[in-house]
Structure formats: C-alpha cells, structure tokens
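Observations on the model geometry
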Amino acid sequence: MDQIRIRGGNVLEGVIPISGAKNAALPLMTASLLTSETLTLENVPQLSDIQSLANLLEQHGTQVNITEQKLGQTLKLTTPTITSTTAPYELVRKMRASILVLGPLLARAREAYVSLPGGCAIGTRPVDVHIKGLEAMGTKITLEEGYIHAEAKNGLKGADYLFPVVSVTGTETLLMAAALADGTTRLENAAREPEVSDLANCLNAMGAKISGIGTGTLIIEGVPALHGATHSVLPDRIETGTYAIAAVMTRGDILLQNTNIDLIPISSALLAQSGVQIHAEGENGIRVNAKGCIPQALDVKTEPFPGFATDLQAQWMALLSVSEGAAMVTETIFENRFMHVPELVRMGADITVNGSSAIIRGGQKLKGAPVMATDLRASVSLVLAGLVAEGETTISRVYHLDRGYERLEEKLNSCGADIERVT
Ligand code: UD1
C-alpha cells in the first residue's frame, strides 16, 4: 500500500493553485439527477471521492463524460431517465456523502432506496434531519434492513422546516428535494456554508427558484422541471486553509491561486492576529507570508460557517504545536474528532485532550516518525507536522488523503517541500 514520505525542515515558497471544492462538487454532481438535460460542471477536483460518486450516479442511469485538465476536470452528467432508485450499500459505504442522492432521486422518481451510510471514523454522524425534513415534505419513510426507503407517490409538497442542528448535507438534500416540490419550502436554521450557496446558485441556473442564498433562511418555490446548465465549482476553502497553514508552519511565503480570502474568514483573521501577513492578492489569490514570523498560539472553537471550520481543526492543532504559547481547541461539531492527537504526540507535540477540548502547548521541536492516517483531515495534519519535523516522516493509509487533496505531493514539492509517494 502507498505511503507518503516527507523529509522536514524546508521553507515553502512559491505558488499553489487551489482546486475546486470536493464538498461543493459532490452535491452538484447529485443535482444532475434532477434533470434529463446535461449538467456541465467545470473545476471539479480529480479525487477518489468524485470517482466514487460518479460510479454511484452511473448506477442510477447517469451518463458521465469526463475531460481531464492539468488540474481538475470537467464533468458532463446526463440522466435521460433514472434507471435505478437504489443506492446499494457496497457503493454508499465508501463515502458518507452518497446520502446526497436521496433528495434528487425522490424529487425526480418519487422513490428512493438508499443505504444508510453506517458508522464513520469521526463520530456517529446521523442522518435524522435529512429524514425528518423529507417527511415534512410529504415523504413516507421506512427503515428496511439498513436502507432508507422513501416514497412520495403523489410528489413532494413544499413545507416549512426548522433544522434542529445546522447540517450541511441535510440542507443540500432538502434544497434539491424542494426545487421540484409542489409549492414553497422555507428552510430555517439552514447551513450557510459556501458549498450550500454554490449548489443553490447552480440549481437557480438550472431553473430553480431559490432565494435567501447565503443566509440561514432559504426559500424555495418549487418548479415542475429543471433544465441543463454549466457551472464552475467554487474553490476549496479547506485546501486553501491547509496550504495557508503550511506556509505559516514552515515560515514561508506562498501565493494561493484561484481562491478567495472570504472563504476562510476566521482562519485568515486568526493567522493575521497571530502575526502572519495574509491578504487578498488580485481578485483570485491570497498571499500568505510568514517570513521571520513566530506565530502566536490562539484558541479556536469549531462552529458552522462562518465560524472556524471543523475540517481545519486538525491542521490548526499541528500549527499550534509549533506556535509560541499554549492554546485550547474545542470541537463542537463532531465527537471523536481528535484521532490525529496520538499521532501528533508521537511526533513530539504536547497535547492533552479533555472531552471535546484539547490543550496544545506550543514551541515543540517535532521529530519525524512513522504515523498512520485515520481520516481525511487528520491525515493532512500529519503531512503538515512532517513538513517541519526533523528527519523523515512516513504516513501510511494515504488513501484518506487521496479522497480530498488533489496532487498534494506535486503542489507541495513545487514550493520546495521534500515529499514523495512510495509504493
Ligand atoms: C459536511 C462536510 C464535512 C464537514 C461537515 C461539517 C460534505 C460532503 N461534508 O458533512 O466535510 O466536516 O459538513 O462542516 O459536505 N447531524 C445530526 N443529524 C443529521 C445530520 C447531522 O445530528 O441528520 C449533526 C452531526 O452529527 C454533526 C452536525 O450535525 O454534529 C453537523 O453535521 P453535518 O453538517 O450534517 O455534516 P455533513 O453534512 O455530514
């Protein structure tokens, strides 16, 4: 099995192009099930999660046409008819986000039989709000042998639904279902993540009538049918934040291209507060200059957007391990999301976990070690630690990284890192 080998200590300098957002591309791909016409998606990252979802869509009757670019790819997705409303366990278990086919299948075919995603390494991650929201829209749902069986024989009806918790994919499920429902749907306490807005904008380009985009209240007037459209996926804010942190940890200077500072409001403000020069450069770039800077440790608490992203929590911990002072990280979105801690500690980090909080005492000299990736963001925190560690770090189970970071080694090497994939 592949491993990533890093020899630490190099200062990163150069330009890193940011890919399209995985978490925007996935719901956008499932939106293609809502129409018989072609949905063209540009700036889709080349990642294993995208391939997994393409396989699932093909199984529902979608014709998938892929044109690869040097970075990213264009997908043309056409579903003349839905040939199967079943999303089988063998495909769904590979990726939790497969649950995103539920809303579109139900809206277009009035029925869906979707495997429950099952357990997940970062907590129990239920899908109850997806189910309750669809029930509010007139769906009959039963759980049968690990599958969600959803039926709306007379079509979906617009409804008011207040999310009891802010859920990103839950909001996306209901947005797509409501787009083709009869009447108006009002979603309160909806997720405000940029990926949700990207989906809503694409649905509007397909003929949907969604207002309130970017706010916690989304109003969707259902329409009888959607048509094809062309949409470019927004930049990946987690990849943006990750490479910004890489620049800071190595005291380097990186221009992040094809991205936008508004996508990382809290982390950019925190980095600036800790002494880093970080600012927009041109319309589509962010300059992160940490030359001669000694980053100061700052507390963070993960929250729904625009708060600090849970998907950047592990990377922030790696940064705190080499910052000056001590700080606390509180995880409020997912339980059990500190699996990177024992591995970071093996590399010399000083971290104490207490429930959903962790204290990180900075100023440590990290040392290279063999470590194991446990989930996508946890793995990249080990890459960041490896970049500044003395000696060699080898990371196993790198398939986690391949789910979410396009051309990771190539992007880091181009800025002077010493990182390679070994088989
Ligand atoms: C999405 C992202 C993931 C990110 C997460 C939080 C995608 C494909 N994945 O995951 O990378 O870490 O948002 O920003 O976009 N919850 C319930 N019931 C539900 C659904 C969620 O209680 O039915 C809870 C979860 O357990 C969690 C919180 O709500 O505590 C947020 O989860 P949610 O926003 O749904 O995460 P995902 O959409 O799965």
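Just so it is clear, the structure is predicted and the values come from calculations on it, not from any experiment. (Residues numbered from 1 in each chain as written. Predicted model: local features only at pLDDT ≥ 70, side-chain atom pairs only at ≥ 80, totals over all residues. Heavy atoms only, no water.)

1. Notes on the layout of surface pockets
- In this model, the second largest pocket occupies a volume close to 250 Å³.
- Forming the boundary of the second largest pocket are 13 residues, of which Arg251, Val322, Gln364, Lys365 and Val388 lie nearest the centre.
- The residue inventory of the lining of the second largest pocket, partitioned by class, reads five nonpolar, five polar and three charged. (1 Å grid on protein atoms, 1.4 Å probe; cavity = no way out; pocket = protein on both sides within 12 Å on 5 of 7 lines; lining within 4 Å. Points joined across faces, edges and corners; volume = space filled by probe spheres on them. Nonpolar A, V, L, I, M, F, W, Y, C, P; charged D, E, K, R; others polar.)

2. Observations concerning the pairing of strand E19 (residues 326–330)
- By the bridge criterion, two bridges tie strand E18 (residues 300–301) to E19 in an arrangement that is parallel. Bridge pairing in E19 links Val300 to Val329.
- Once the chain exits E18 it traverses helix H10 (residues 313–321) before rejoining the sheet at E19, and the crossover so formed is right-handed.
- Pairing geometry for E19 and strand E21 (residues 357–361), over five bridges, is antiparallel. When the sheet's bridge partners are listed, Thr330 is paired in E21 with Ser357. (Pairing = 2+ DSSP bridges. Helix = DSSP H or I, 4+ residues; strand = E, 2+ residues; numbered from the N terminus. Right-handed = clockwise from strand over helix to strand, strands pointing away.)

3. Examining the packing of aromatic side chains
- For the coordinates displayed, the defined rule picks out three aromatic pairs.
- Here Tyr113 and Tyr147 contribute two aromatic rings whose centre-to-centre distance is 4.7 Å and whose plane-to-plane angle is 10°, an arrangement assigned as stacked. In this pair, Tyr113 is assigned in strand E7 (residues 111–115) and Tyr147 in strand E9 (residues 147–151), connecting sequence segments 34 residues apart.
- Judged by centre distance (5.1 Å) and plane angle (85°), the ring pair of Tyr161 and Phe163 falls under edge-to-face.
- Here Tyr161 falls in the buried class, since its relative accessible area comes to 11%. (Phe/Tyr/Trp six-rings, centres within 6.5 Å; stacked < 30°, edge-to-face > 60°. Buried < 20%, exposed > 50% of the residue type's maximum accessible area, 1.4 Å probe, protein only.)

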